[in-house]
Amino acid sequence: MRAYSSMRPRTVAVVQARSASVRLPRKVLLDLAERAVIDWVVGRVRRAATVDQVVVATTDDPSDNALAAHCRDAGYPFVRGSTTDVLDRVVTAAASERADVVVRLRGHSPLVDPDVVDLVVRTHLSERRDYTANRLPEPQPHTYPPGLDVEVVSMAALTDAWASRRDRGREGDVTSYLYEAPGRFNVRLVGAPVETADARWSIGTRADLEALRALVVAAHAELSTPWTDLLAVWQRHPEIAALNDRAGLVS
């Protein structure tokens, strides 16, 4: 277990974002109720009380020139790096903002919730964990729905993973090293307070985007709208949830 300073660690949210998606190119720049998807992500995360800075980690591929320009115009700190070594890109972005603690988020999750971010960060800090998340890949148990994923990791633990990534052949992986071997790091999974079985709010396809567009309109959602309010609307309107049931069939 790593010790933290008596002062509150500097907590930096790193938003992974790129344009070269096969199923839905430029998805982070597409419109979602008069804001680009990336603007929803950054705008909502900036409302988290525990986050000191938000930085976008994108690639140096020419396909991300428009995303970099968007971040520059919007005043978002951003870092460009390897298209394949994702962990290096995340570490570089976190280091650029002098992070002690890193909140890893995804640019295709526009409804990420600031209160959930705060819950996971505060749990991480109060319990002095190396890695804390509210959702892990299968076969790990799922709690919060896709699109509300929050991972919090100490910079020291993330640097450990970064240093060994090439030996492990895992340049494209970011955090599985931290939780895949029990006992290697001090890990915590934070559960959801309510049942979220059918909710899926990450954008992978056009169908996913259309579902979230319908949800945002039906909920009159703003950057401050709590995820539980969005969930209530989602559950009242099964026709919205049905839109992204087709996600695997739509490119």
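How each quantity is defined
- Residues numbered from 1 in each chain as written.
- Predicted model: local features only at pLDDT ≥ 70, side-chain atom pairs only at ≥ 80, totals over all residues.
- Heavy atoms only, no water.
- Helix = DSSP H or I, 4+ residues; strand = E, 2+ residues; numbered from the N terminus.
- Rg over C-alpha atoms; globule rule 2.2 N^0.38 Å.
- Buried < 20%, exposed > 50% of the residue type's maximum accessible area, 1.4 Å probe, protein only.
- Contact = heavy atoms within 4.5 Å.
- Areas by Shrake-Rupley, 256 points an atom, 1.4 Å probe, with all protein chains shown as cover.
- Core = buried A, V, L, I, M, F, W, Y, C linked by side-chain atoms within 4.5 Å.

The name that an unreviewed UniProt entry assigns to the protein is Spore coat polysaccharide biosynthesis protein SpsF, with the source organism given as Solicola gregarius.

Draft legend 1. Local environment of the overall build of the protein. Helix and strand counts for the protein stand at 9 helices and 9 strands. A compact globule built from 251 residues would reach a C-alpha radius of gyration of about 18 Å, and the protein, at 17 Å, matches this within 12%. Principal-axis analysis of the C-alpha atoms places the extent of the protein at approximately 50 × 40 × 30 Å. Out of the 251 residues belonging to the protein, those deemed buried represent 54%. Counting contacts in the protein only where the partners sit at least 6 residues apart, residues at least 24 apart contribute 73% of the total. By element, 49% of the accessible surface of the protein is carried by carbon and sulfur atoms, the whole surface being about 10900 Å².

Draft legend 2. Region of the structure containing the nonpolar core. I38, V150, W201 and L215 are the most contacted members of the largest nonpolar core, which has 54 residues in total. In terms of residues, this core owes the most to one element, helix α1 (residues 37-45), which gives 6 residues. When sequence neighbours within four positions are dropped, the list of residues in contact with L215 reads L111, W201, L230, V233, W234 and I240. Core analysis: the second largest hydrophobic core is formed by 26 residues, L87, L158, A161 and Y177 among them.

Draft legend 3. Molecular detail of the environment of L223. Its place among the elements puts L223 in the loop between α7 (206-218) and α8 (227-236). Taking C-alpha positions, L223 is 30 Å from D88, a pair spaced 135 residues apart along the chain. Setting aside anything within four residues of it in sequence, one finds L223 in contact with R35, D39, W40, G43, R44 and R47.

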